[in-house]
Amino acid sequence: MNERTLEVLEYDRVREEIAGQCMSEEGRASFLSLTPSADAAEIARLKSFGRAWMDSLSAEDPPRLLGWQAVGPLFSRLRVEGASLECAELFSLGQFCRSVTEFREWALARARRAQSGRRDVMALTGSSDAVLVEFASAVPDLSAAETGIFQVIDRGTGEVRDLPELRAIRQGIRKIRQDIERLIGTYLSDDGLKTALQSTLPTLRDGRQVIAVRANFRGRVRGIVHEVSQSGQTVYVEPEDVVDRNNDLVSEEARLSREIARILRELTATLAPDHPNFVEALERMVFIDRVAAAARWGRERRCVFAADSDAASGAPGGTGPSDAPIVSLRQARHPLLRERAVPIDLALPPRARVLIITGPNTGGKTVSLKTVALFALLNQSGWPLPAAEGTALPIFDFVGCDIGDEQSLDQSLSTFSGHMKNIAGILSAATSRSLVLLDELASGTDPQEGSAIAMAVLDRLLEKGSFVLATTHHGILKNYGYTHASCVNASVDFDQNTLSPTYRILMGVPGESHALDIASRNGLDPEIVASARSYLAEERADVSALIRGLTAKHEELAGFETEKRKEEAALREKRRKTDLKELQLRQRELELREQGYRRLDSLLAESRRQLENLVREIREGELTREKTLQVKAWMAELDERVAEEYDGLEASRRELGGLKDAHDAARRLEDEERAREEASSPKPRSRARSGTLARAADSGAARTADGIPDLAPGVEVYIGAARRRGTLVREEKGGKWIVAAGPVRMTVAATELSGVPVSSAAVRTVSIDVQADMGGDDVPAFELRLIGMREDEARRALSRQLDLASMKGLKEFSVVHGKGHGILQTAVHEILKGYAAVSDFAFARPEDGGTGKTIVRLG
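### Some details on the sheet that holds strand β23 (residues 853-858)
Reasoning step 1: Taking strand neighbours across the sheet as the criterion, the 4 strands line up as β20-β21-β23-β22 in an open arrangement whose pairing is mixed. Two strands in the sheet have a free side with no partner beyond their single neighbour: β20 (783-785) and β22 (838-843). Mean inter-strand twist for the sheet, computed between neighbouring axes without regard to direction, equals 20 degrees.
Reasoning step 2: With 3 bridges connecting them, β20 and strand β21 (residues 812-816) associate as parallel partners. Bridge pairing links Arg-785 to Val-816 in β21.
Reasoning step 3: Across the sheet, helix α22 (residues 791-808) touches β20, β21, β22 and β23, and the angle it forms with β21 is around 170 degrees.

Right under this line is the structure:
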């Protein structure tokens, strides 16, 4: 891909926009250096990573990727013996190690869940993040380096921690400073020196505390003069007894600096053996940062990854499938137009190599060309496309375009000459796997000669087998598209009522330029427009009528297809409701059976207990008339209860039979209504309906073939006129059968039995959508600004921010508290330390606010 093509198609603008999603400076720099690839294996690899990351963004535990400052230039210094990294450099290196560790820990957690068999959202979708887990597991482990760095460097401030070897020195420095402040205080509080002092506050000069003394009282304070004011009225004196302590302070601070330098040098030396791991980890983290940036951009723009189509399938003699479009764009939106983009559908049919787009100016022809070519470049960069599912593109080895005005005064090129020079270069580079875009082909010269050149150029590109998308206003090229089997005409739609384009692409139909309509709409004198129409009346009447006729036929066909889809959707909805009713009937039948079993079981258990009591009483005593009457009464009561249960079961069966009859009647009415609709359909739709009738005939044949089964043990049957359902147990003599109807068995004549037809209803799945709604209108801020608040106001604001962030799921935000005297900073850190949901907090990077801003992360 040459730079001119990338520039014309504005690939660099899209690349820069996606690069803004990178989490690291090095990831962004690497992203900006990317160009489209022609390696199919590499493109497939990039798309597999991007697709996995985009899918994982919707998981309950998405991948964790933290940002880091540039660390690549530091690695070379690790290999130099005796080298020492600065405190800020080691802090940046520690942040990089933290990012690596977080990414690895996420992968290890996912791997453990997979091994334990946990079925979460991602597992149910086929573990699409497996490629990410495998990649992250291969990143070198830098946890030991991270631990070593942050044992010396504070995670929050980026300064050297209060280590034991530094603690004594720092305590000594604090004591010396206290002594200096005490000595200075004796001078400032001395009543005898009040008239000699210019100020009652100490002043710093060259890092040493001094006293501002009036010049005419210079001799009242013995010491070293460090500075005289510009007016000469004030001298800054360091008292003699303070000089020694200031000297001690300088000495101790120098000692502290030497000790810190030694610690950093030793820490750098311990990191040197990890140099190869640092280099490999940075390479992998930069790669995954690029992948994540493209995935996040794609999710924001509702993008998809294009399916791969074989460019060879459309070539003469190709071996691929001949029914799938070679180039297919569904609801494609130019990424730079954002919300203003009008989605387009475009498909290059099998065996077609040239698409000629015609239509009015400002109709969207050039934007359509650029969209196709830019999508090809984005696809071959491994990035998602702002389109709908079903978008498919092949891999092109070259993308050449002739778009825009090629006029050049420096090179003495006219518009036509510039176009010819550019097309000559494209023809020399094009192959059978190339994509060529030609906007306003052969314009800028005599129309007759230009059309001849255009057809000759298309002939050569057809010989090469290249994919060509061309726009034109030349009428002869429309005829060229009809007379070549490998060419397809298309047009951008134009609304005749509003005289404005709709930006829709109509495949298979050439379009008119509508130049006169557009000229009139843009203010050209109506008399001039009328005169122009008179010149064209005879010359173009036949062609225009043909085009209008084709357009009308195309719109009629599109309307028919839309109506057909609506009817199919209505039929599917009716079938869904019918199936739902059938399911409800089966559920009701099962409920009734279960109720009958439970009642019978309860009846038998209670009867058994009563019978056992009666038998025990009879055995324990003599058989008296009273006991005999008691047994008879029990038997009569049992008969009554069995009869009651049977009557109840019969009532339930009648209720279920009524529901089934209503269901069958509704099905018959639907079938009769559908048959009447098909019989009354207009003739042009007979071809579409024939498929439906054939399917209905096939379905009926299948039911007839299934038939009513013969009577045999185990076969389900309908009993009598009430059509109660039962199961045959065995055949008895005299043409009778034992039938089990729920818990009751009965003997029924074979003439009163009819087999239940075998059902071939497909198994349907029921999907359950679960939605969670976090109520409340208040939302947490991504950046909480506390500057200008009093301490108690700031504390309340931060506490409320933390509560909202916990409820709304905000994992990270920043708090701007400023530097000042550190009051707000101290209050913020106190609250964050005591809030249970806070997992970590630290000052922002220097370029992002430094110690005046704190980054908060919630667990």
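### Notes on the confidence of the model for the protein chain
Reasoning step 1: Of the residues in the protein chain, 77% have a pLDDT of 70 or more, and the chain-wide mean is 78.
Reasoning step 2: Per-residue pLDDT stays below 50 along residues 407-412; that stretch engages in 5 contacts with residues further than four places along the chain or on separate chains.

### Things to note about the pattern of salt bridges
Reasoning step 1: Summed over all chains, the structure comprises 38 salt bridges.
Reasoning step 2: A salt bridge links Arg-98 to Glu-105; the nearest nitrogen and oxygen atoms lie 3.7 Å apart.
Reasoning step 3: Looking at Arg-98, the relative accessible area reads 22%, which means it is partly exposed.
Reasoning step 4: Glu-105 gets classed as partly exposed once you look at its relative accessible area, which sits at 36%.

### Some thoughts on the layout of surface pockets
Reasoning step 1: Computed from the structure, the second largest pocket encloses a volume of approximately 1,800 Å³.
Reasoning step 2: Lining the second largest pocket are 43 residues, and of these Met-23, Leu-65, Leu-66, Glu-812 and Arg-857 sit closest to its centre.
Reasoning step 3: Mapped onto the lining of the second largest pocket, the elements with two or more residues apiece are α6 (87-116), α12 (275-300), β21, β22 and β23.
Reasoning step 4: When residues of the lining of the second largest pocket are assigned to their parent elements, the largest contribution, 5 residues, is made by β22.

### Let's talk about the packing of aromatic side chains
Reasoning step 1: Taken as a whole, this structure holds 12 aromatic pairs when the rule is applied.
Reasoning step 2: Between Phe-31 and Trp-383 the ring centres are 4.9 Å apart and the planes differ by 15 degrees, which places this aromatic pair in the stacked class. Taken together, the residues span a long stretch of sequence, with Phe-31 in helix α3 (residues 25-32) and Trp-383 in the loop between α13 (365-379) and β9 (392-393) at a distance of 352 residues. Each member of the pair Phe-31 and Trp-383 is classed as buried.
Reasoning step 3: Every member of this aromatic cluster is reached through a ring pair, and the members are Trp-68, Phe-75, Phe-96 and Phe-278.
Reasoning step 4: We note Arg-205 situated over the ring of Tyr-236; from NZ or CZ to the ring centre the distance is 4.2 Å.

### Overview of the packing of α3 against α12
Reasoning step 1: The contact between α3 and α12 brings their axes to 9 Å, and the two run at 70 degrees. Between α3 and α12, the crossing angle belongs to the class labelled roughly perpendicular. For the pair α3 and α12, the crossing hand works out as right-handed. From α3, Glu-26, Gly-27, Ser-30 and Phe-31 reach across to α12, where they touch Leu-282, Val-286, Asp-289 and Arg-290.
Reasoning step 2: Split into classes, the residues belonging to the contact of α3 with α12 amount to 3 nonpolar, 2 polar and 3 charged.

### Digging into the side chain of Thr-234
Reasoning step 1: One can find Thr-234 in strand β4 (residues 234-239).
Reasoning step 2: Residue classification places Thr-234 among the buried positions, given a relative accessible area of 8%.
Reasoning step 3: Setting aside residues up to four positions removed in sequence, Thr-234 forms contacts with Gln-198, Ala-212, Val-213, Ala-215, Glu-227, Val-228 and Ser-229.

### Structural notes on the pairing of strand β10 (residues 398-402)
Reasoning step 1: Of all 5 residues in β10, 5 are buried, a share of seventy percent or more.
Reasoning step 2: Along β10, one buried face is formed by Phe-398, Gly-400 and Asp-402 and the opposite face, lined by Val-399 and Cys-401, is buried too.
Reasoning step 3: Pairing of β10 with strand β11 (residues 434-438), which is carried by 5 bridges, proceeds in the parallel orientation. Counted as the bridge partner of Gly-400 is Val-436 from β11.

Conventions we followed
- Residues numbered from 1 in each chain as written.
- Predicted model: local features only at pLDDT ≥ 70, side-chain atom pairs only at ≥ 80, totals over all residues.
- Heavy atoms only, no water.
- Pairing = 2+ DSSP bridges.
- Helix = DSSP H or I, 4+ residues; strand = E, 2+ residues; numbered from the N terminus.
- Axes fitted to C-alpha atoms, helices over the stretch in contact; angles between N-to-C directions.
- Contact = heavy atoms within 4.5 Å.
- pLDDT = per-residue confidence, 0-100.
- Salt bridge = Lys/Arg side-chain N within 4 Å of Asp/Glu carboxyl O.
- Buried < 20%, exposed > 50% of the residue type's maximum accessible area, 1.4 Å probe, protein only.
- 1 Å grid on protein atoms, 1.4 Å probe; cavity = no way out; pocket = protein on both sides within 12 Å on 5 of 7 lines; lining within 4 Å.
- Points joined across faces, edges and corners; volume = space filled by probe spheres on them.
- Phe/Tyr/Trp six-rings, centres within 6.5 Å; stacked < 30°, edge-to-face > 60°.
- Lys NZ or Arg CZ within 6 Å of the ring centre and 35° of its normal.
- Parallel < 35°, antiparallel > 145°, perpendicular 65-115°, else oblique.
- Left-handed = near helix turned anticlockwise from the far one by under 90°.
- Nonpolar A, V, L, I, M, F, W, Y, C, P; charged D, E, K, R; others polar.

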